[in-house]
Amino acid sequence: MGAWALLLPLLLAAEAQAQVCSVNNTFFQVEENTKPSGPLVDIYIPEGQQVTLGPSSTPFAFRIQRTQLFLNVTPDYEENTMLQAHLECRSGGSVVAHLRVFVAVLDVNDNAPEFPFTVKVKRVPEDTKVNTIAIPEKELEAQDRDKDDILFYTLQEVTPGARNFFSLVGANQPALRLDQPLDFDRWPNMTFQLLVRDTRQDNAVPSHSASATLVLEVQPADLRPPWFLPCVYSDGYVCVHSEYHGAIPTGHKLPRPLILQPGPIYAVDGDRGINQYIIYNLLRGHEDGTFVIDADSGNLTMTRSVSSPKTFRLLVKAEQADHASYSVTQVTVEARNASGSVPRFPLSLYRGMVARGSGVGMAVKDADVPSQLLRIRAQDPEFPDLNSAITYKITNNSNFRMDGEAVLTAAPLVLAGVVYAEVEANNTVTSGTATAVVEIQVSEQEPSPTASPSGGSTQTQKPGTSQPTTPGSSRTPQLPGSPGAGGSTEGVGQPDGSHTEDQRFSAAEMAALGGVLGGLLFLALLGLVILIHKHYRQRLKCCSGKALEPSGFDNKAFLPDREANWAPAPSAGSDRTPPAPPSPAPPAPPSPVRAAEAPAAAPDAGGPEVVRSILTKERRPEGGYKAVWFGEDIGAEADVVILNTPAADADGDSGSEGAEAEPGADSTYI
């Protein structure tokens, strides 16, 4: 009885426990982003009771189906690190028990790091010291919602060479540090790409990265003094300038600023980004007041002339308008005697062009650059300041004149061709002179009738022809050293009728033309030889073995049939007018020689004016004349035999003819 009394409370407690809801596990761990695939836990529900989710449960995270608890969402560590299910066990309308089930969400690397900016612009002074932090870490670090991630940073240059100036303090410290001095003139701005990654290795899985752009604008600082230009040496930080020097003539006060070498006095702010205004003044060397300098432009001018040769050494100061810095240079001016100073032309021959028919006052164009006017300019090598005192004129051609440095027409240009003119430069201060030659091409145009002074019309001269010159016409003298020296150069369209020979083709072009014509002539001769050999081969074979007598005894009065002149010979007492030479007839094709009908003989057979035929087929015994005998018994190879009488020709002065000779040594075969 006593033992049962001890067990009764335990039995009652066990019975009471068996009458409420229960689960076998109340704590779970789930990685984020894990999709639920089954029930989370089974719930024991006594008969007559119901289980519902209490108000303290994570909203929408769980659901109860029959006697099982399910996870209703995909957990996300960044949204909720712990999910809770509050279970209420009810019997009737009252809650008899409470159960709580917890789900811990485990973090995984599922988020990429993020920069708080996309493009960051930072202004950095040019005089920033090396190793200075240009951008602190807090302004550049990225954020990653994955709590356990360690971020790694990389700086990549976009502007070539920019990585030499800036770098990151460390792979995990994105502070930007200056590594070398800045230079505004060369590197006014630099661009970088800042990369971040949440893993050490690029090929790690999973791995996420992000990028942002850094733009560094270098702000100029006043680091350099004014620089006198030009610089003999400059590396961007320092300028080594050369001294200025010039020359002036004694006894003359130049009205314009001095021309100096290597250029005018000019200085700029060494810090071009600041570009302070420069002010000039003379520090020393101007005690006598000969020179003054313009404070704004730096032009050095004379206030009076210098009577005797002397050397001036002037110190010129160029100072910034804010008086922050300045520079000093020396200007050396030599006063020399100007007598004997001769101007010089940079070229000995100038080439121009103008259209034929141009009227008075037309400018001559530059032959090399036809769109520009021809400019003829001389310089005084000793006194550049006197270049403005040089005047120009044309001395030997009235068709052209000088207007300053330009060449203008002074008369209408009628003829085309090339004309040469001499230009004289005269320095009005030193009285020195120099000359140069101008070659002017008067271009050919379409012929147009132009009224001549006599009331007629002039015609355009054809290429390759020369215009006749009247005895009283004048010619422009040939200048030494000009093209065509050795011949005379004629004026173009001059009033007195002078002109220029047409020099349209060069020697090389004429040589090429001669070569082509020579080749064509050779081919023509070769074709002629072949043609003669083809048509006259038999005759050449016939005559090749017979020696020919001197041609002085040939009958030169014979003419072909179609050109024979049968007119009576003039009497001995009548005046004889030499006939005009006949035009050469083209060679006729070979054909047998036909005996022409002989005209009737004159009534007086023995008279001096008798006309007898020289063509015959019979041997005539009478003498006193030469005949062409058509031999019938000498073979077909010889068509005509010209009978010559050497003795009769030798005695031709007496007017008698010798006896006829047989065909043979004294005959010529045709």
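### Side note on the side chain of T199
Summarising the element assignment, T199 is placed in the loop between β14 (189-197) and β15 (209-219). On the accessibility criterion, T199 (11% relative accessible area) is buried. Within the local environment of T199, its side chain forms a polar contact with the backbone oxygen of Q201, the two atoms lying 2.9 Å apart.

### Section: the confidence of the model for the chain
Reading fine detail from the predicted coordinates is not recommended where pLDDT is low. Residues of the chain with pLDDT of at least 70 account for 69%, and the chain-wide mean is 76. Considering each helix and strand of the chain separately, the mean pLDDT is smallest for strand β34 (residues 457-458), with a value of 36, and largest for strand β13 (residues 176-178), with 96. Note on residues 1-17: pLDDT under 50 across the span, and zero contacts to partners over four residues away in sequence or across chains. Across residues 634-641 the pLDDT falls below 50, and counting only partners more than four positions away or on other chains, this stretch makes 21 contacts in the model.

### Topic: the sheet that holds strand β1 (residues 22-23)
Taken in spatial order, the four strands line up as β1-β3-β6-β5 in an open sheet, and their pairing is antiparallel. Edge positions in the open sheet fall to β1 and β5 (62-65), since each of these has one partner strand only. Across three bridges, the pairing between strand β3 (residues 39-44) and strand β6 (residues 68-71) is antiparallel. Paired with V41 across the two strands is L69, which belongs to β6.

### A closer look at the state of the cysteines
Per the stated rule, a full pass over the model turns up two disulfides. The partner cysteine of C21 in its disulfide is C89, sulfur to sulfur 2.0 Å. With the S-S dihedral at roughly 60 degrees, the linkage between C21 and C89 falls on the right-handed side. Here C89 lies in strand β7 (residues 82-91) and C21 lies in the loop between α1 (2-17) and β1, a separation of 68 residues in the sequence. Judged by its relative accessible area of 4%, C21 is buried.

### So, the sheet that holds strand β31 (residues 417-427)
Strand order in the open sheet formed by five strands is β27-β26-β32-β31-β28, and the pairing between neighbours is mixed. At either margin of the open sheet sits one strand with a lone partner, and together these are β27 (365-366) and β28 (390-394). Taken together, the five bridges between β28 and β31 define a ladder with antiparallel strand orientation. Considered in β31, the bridge of K393 is made with E424.

### Here we look at the pattern of salt bridges
Summed over the entire model, instances satisfying the criterion amount to 15 salt bridges. In this structure, the salt-bridge partner of D179 is R177, at a minimum N-O distance of 3.6 Å. What makes D179 partly exposed here is its relative accessible area of 30%. For R177, a relative accessible area of 26% corresponds to the partly exposed category. Put simply, R224 and D183 hold a salt bridge, and the shortest N to O gap is 3.6 Å. Of this pair, R224 sits in the loop between β15 and β16 (226-228) while D183 is found in the loop between β13 and β14, placing the two residues 41 residues apart along the sequence. Like D183, R224 is buried.

### Looking at a nonpolar patch on the surface
Side chains of M510, L513, V516, L517, L520, F522, L523, L526 and I530 sit close together on the surface and give an oily, nonpolar patch of about 910 Å² of accessible area. With respect to the helices, strands and loops of the structure, M510 is situated in helix α3 (residues 507-535). You can call M510 partly exposed: its relative accessible area is 45%.

### Overview of the nonpolar core
Formed by 27 residues in total, the largest nonpolar core has its most connected members in I248, I265, F291, L300 and V331. Taken together, the elements giving at least two residues each to this core come down to β19 (244-249), β21 (278-284), β22 (291-293), β23 (300-302), β24 (310-320) and β25 (326-336). A total of four residues in this core trace back to one element, the largest contributor, which is β24. Ignoring sequence-local partners within four residues, the contact set of I265 consists of F228, Y244, L260, Y280, I293, S297, G298, L300, V316 and V331. L151, L168, M190 and L194 belong to the second-largest nonpolar core, a separate cluster that totals 25 residues.

Each value, and the rule that gives it
By convention here, each chain's residues receive numbers from 1 onward along its written sequence. Note on the predicted model: pLDDT of at least 70 is required for a residue's local features to be given, and 80 or more for side-chain atom pairs to be given and counted; whole-chain, interface and lining totals, by contrast, use all residues. Based on all heavy atoms of the structure, the side-chain values leave hydrogens and waters out of the count. The way it works is that DSSP assigns letters per residue, a run of H or I at least four long becomes a helix, a run of E at least two long becomes a strand, and they are numbered from the N terminus. Per-residue accessibility, obtained with a 1.4 Å probe over protein chains only, is compared with the maximum for each type, and a residue is labelled buried under 20%, exposed over 50%, and partly exposed between these values. Identification of polar contacts relies on pairs of N or O atoms within 3.5 Å, with a donor-acceptor requirement for protein atoms, meaning one able to donate a hydrogen and the other able to accept it, and with residues adjacent in sequence counted only if both atoms are side-chain atoms. One confidence number per residue, pLDDT, is output by the predictor and ranges from 0 to 100. Only heavy atoms enter the contact rule, under which two residues are in contact if any of them lie within 4.5 Å. Any two strands with at least two DSSP bridges between them are considered paired. When two cysteine sulfur atoms lie within 2.5 Å, the pair is treated as a disulfide. Here, a salt bridge means any Lys or Arg side-chain nitrogen found within 4 Å of an Asp or Glu carboxyl oxygen. Note on patches: the residues involved have over 30% relative accessible area and no salt bridge, like charges join within 9 Å, and the nonpolar side chains Val, Leu, Ile, Met, Phe, Trp and Tyr join within 5 Å. For the area figures, the Shrake-Rupley method with a 1.4 Å probe applies, and any residue is considered shielded solely by the protein chains shown. Within this scheme, the nonpolar core is defined by two criteria: the residues are buried Ala, Val, Leu, Ile, Met, Phe, Trp, Tyr or Cys, and they are joined through side-chain atoms within 4.5 Å.

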